[in-house]
Amino acid sequence: MDKSITYSVDPTEDINDDGVVLDEKTGTVADRNAMARLGKEQLFKRNFGFVSIFGFALIIMSTWETILSTLAFGLGNGGPGGLIWTFIAAYIGFILISVSMAEMASMAPTSGGQYHWVSEFAPPSVQKLLSYFIGWFGILGYQIGTTIGAFVAGTMIQGVIILNNPDTYSPQRWHGTLIAMAITICVALFNIFLANHLPLVEGIILVLHIAGFVAILVPLWVMAPRTPSSEVWTSFTDANSWGSIGVACLVGMITNAGALVGGDAAAHMAEELKSASKILPRAMIWTIAVNGLLGFVMLVTFLYTLGNLDDDLASLTGYPVIQVFATATESNGGAVGLTTILIILNVCANLTTMAGSSRQLFSFARDKGVPFHRWVSRVPPGYDVPVNSIIVSAFCSCVFHCINIGSSIAFNIIMSIGTVALITSYMTSIGSITWRRIRGLPLLPSKFSLGRFGLGINVAALCFCAVVYVFSFFPPVPNPPPAAMNWACAVYGGVVLLAFTYYVIRARHVYVGPVAYVNKNA
């Protein structure tokens, strides 16, 4: 049985957690006590509630939208049957990951998320170094996510232009890149100057996420041609000649993993959420449950209405889904309308991902884990958001966008590292609390506990993480030429080298890990 570290709390905590807020800045008594224990100053307004944080996390994960944008890779590795059955496996795996992280989020509700949990739960001899590297991987994962959202929206806009002007428009990579950069800048400005409206916007986005799902699903059900069930559920392919259907399916599973990753998103807004220790785990669990269900329904629907796969993959728009829309509606106008829904939702995802990315960067800079940490973590007077972190996040995204102008292959290589970076942070943080459970060491009190099932759930989550981690580094085809390699391992190693270099030069002198600030008697 898990033991617990106890610390003093106000006797009215449970009452206040149910709705009585001290003020907009400090939240409930439990929020105040949590920040005191963490040794952190409350800098942001706690203006998020369950609906707004749920909308925030739901749209960052964007499972059904991501499925529609990235389906082609899985079709070549495993085929329709492989996509469906590995989605079910990935859904179960990410539920295990999400409930494991939800428990840690309830114990330590902080915007640091995984790197903070590693610092609190890892063995003392390695907690400083492990939490430092996980901080870098967390920043990398969300920075890539911030870039992808704007890039997909920008290139989809370009795809719509191509669809309507196939003979007069000559597409160039820099066209979509400039649109993506413009979206990034607009999103950054919103996060800086209109941040007080973010909770309201997240509620609206939640409605759009569900409404957009229905708006795309119904036309496909009613108008699109049908694929026989045997070709959807039991059709497995090894189009890239892996020599094994099982290996092909596991390689293709990365499509589904990329659509389900991001369950930690709500945790990075913990310091802006009322009753964080209670509401945060609920939001994290509901996010994976709802998004996974929507994603599965959309995946099955899309596979039933795919039409001619060769035509879809050869679409000049760059997105097979746009061609599927055009085929289903028999109208470019109908395809534009359905694609516009995806564009709007990708912009919304970019809006929320930048908020999460900047909070992750702010938190790590506050703990002195990045260069220029004092400037990056500064919250200017009159603002209730980490302005400088938002600026850095937007700048990095624009730099990444520019890579696409020179080489789309290089850009895709860099973007592929986002999933493996986050999986690394999940695996390390869950591994840390698993270690404590195995050793019988005390855990922090929480309003959401896995109880006696905790160890089994944590171990199962780790096993799934390990599978995704390994196959994230596989190339798209066996024995590819250098230009088609999955260079994620090189980028991954480069980030480790950069982080280690900064650690040796500077961070080892100033970074001590979040646990050093924790007040055990708060």
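Criteria and thresholds
- Residues numbered from 1 in each chain as written.
- Predicted model: local features only at pLDDT ≥ 70, side-chain atom pairs only at ≥ 80, totals over all residues.
- Heavy atoms only, no water.
- UniProt positions renumbered as here; feature names shortened; annotations may be inferred.
- pLDDT = per-residue confidence, 0-100.
- Contact = heavy atoms within 4.5 Å.
- Buried < 20%, exposed > 50% of the residue type's maximum accessible area, 1.4 Å probe, protein only.
- Helix = DSSP H or I, 4+ residues; strand = E, 2+ residues; numbered from the N terminus.
- Axes fitted to C-alpha atoms, helices over the stretch in contact; angles between N-to-C directions.
- Parallel < 35°, antiparallel > 145°, perpendicular 65-115°, else oblique.
- Left-handed = near helix turned anticlockwise from the far one by under 90°.
- Nonpolar A, V, L, I, M, F, W, Y, C, P; charged D, E, K, R; others polar.
- Expected span 1.5 Å × (residues − 1).
- Polar contact = N/O pair within 3.5 Å; in protein donor to acceptor, adjacent residues only side chain to side chain.
- Phe/Tyr/Trp six-rings, centres within 6.5 Å; stacked < 30°, edge-to-face > 60°.

Naming follows an unreviewed UniProt entry, where the protein appears as Amino acid permease/ SLC12A domain-containing protein of Cladophialophora immunda. Taken verbatim from the UniProt record of the protein, the Subcellular location (unreviewed entry) comment is "Membrane".

1. Things to note about the confidence of the model for the protein
Per-residue pLDDT for the protein has a mean of 86; in total, 92% of the residues score no lower than 70. Here residues 1–19 is modelled with pLDDT under 50, and outside its nearest four sequence neighbours on either side it reaches 39 contacts, counting other chains as well.

2. Focus on helix α14 (residues 320–329)
Counting buried positions along α14 yields eight of ten residues, so the element is predominantly enclosed. Every buried residue of α14 is accounted for by Pro320, Val321, Ile322, Val324, Phe325, Ala326, Ala328 and Thr329. In the core, the buried residues of α14 are packed alongside α4 (63–76), α7 (127–164), α9 (198–223), α12 (276–304), α13 (309–313) and α15 (332–366). Positive backbone phi, approximately 55°, marks Glu330, located one or two places after α14.

3. Focus on the environment of His175
Looking at where His175 falls in the secondary structure, it is placed in helix α8 (residues 173–193). C-alpha separation for the pair His175 and Thr340, spaced 165 residues apart in sequence, amounts to 18 Å. Not counting chain neighbours up to four residues away, the residues in contact with His175 comprise Gln158, Tyr169 and Ser170.

4. So, the environment of Gly406
By secondary structure assignment, the location of Gly406 is in helix α17 (residues 387–406). Residue Gly406 is classed as exposed on the basis of its relative accessible area, which comes to 63%. Between the C-alpha atoms of Gly406 and Arg173, which are 233 residues apart in sequence, the distance is 8.4 Å.

5. Some words on the packing of α4 against helix α11 (residues 245–260)
Axis separation between α4 and α11 bottoms out at 8 Å; the angle between their running directions is 165°. Considering the angle they form, α4 stands roughly antiparallel to α11. The hand of the α4/α11 crossing is right-handed. From α4, Thr63, Thr66, Ile67, Thr70, Leu71, Phe73 and Gly74 reach across to α11, where they touch Val251, Gly252, Thr255, Asn256, Gly258, Ala259 and Leu260. For the contact of α4 with α11, the residue count by class is six nonpolar, eight polar and no charged.

6. With respect to α15
Each full turn of the α-helix corresponds to 3.6 residues, which orients residues three or four apart in the same direction. Over its 35 residues, α15 runs 50 Å from end to end, which matches the ideal 51 Å to within 8%, given 1.5 Å per residue. Along α15, 26 of the 35 residues are buried, which leaves the element largely enclosed by surrounding structure. Here α15 starts with a cap whose side-chain oxygen sits 3.1 Å from the backbone nitrogen of Gly333, and that cap is Ser331. Just downstream of α15 lies Lys368, where phi reads positive at about 70°.

7. Quick look at the packing of aromatic side chains
The tally for this structure, following the rule as stated, stands at 22 aromatic pairs. Taking 5.8 Å as the distance between ring centres and 45° as the angle between the ring planes, the aromatic pair formed by Trp242 and Phe474 counts as tilted. Of this pair, Trp242 sits in the loop between α10 (229–233) and α11 while Phe474 sits in the loop between α20 (454–471) and α21 (488–510), and the two are 232 residues apart along the sequence. Note on Phe474: relative accessible area 27%, which makes it partly exposed.

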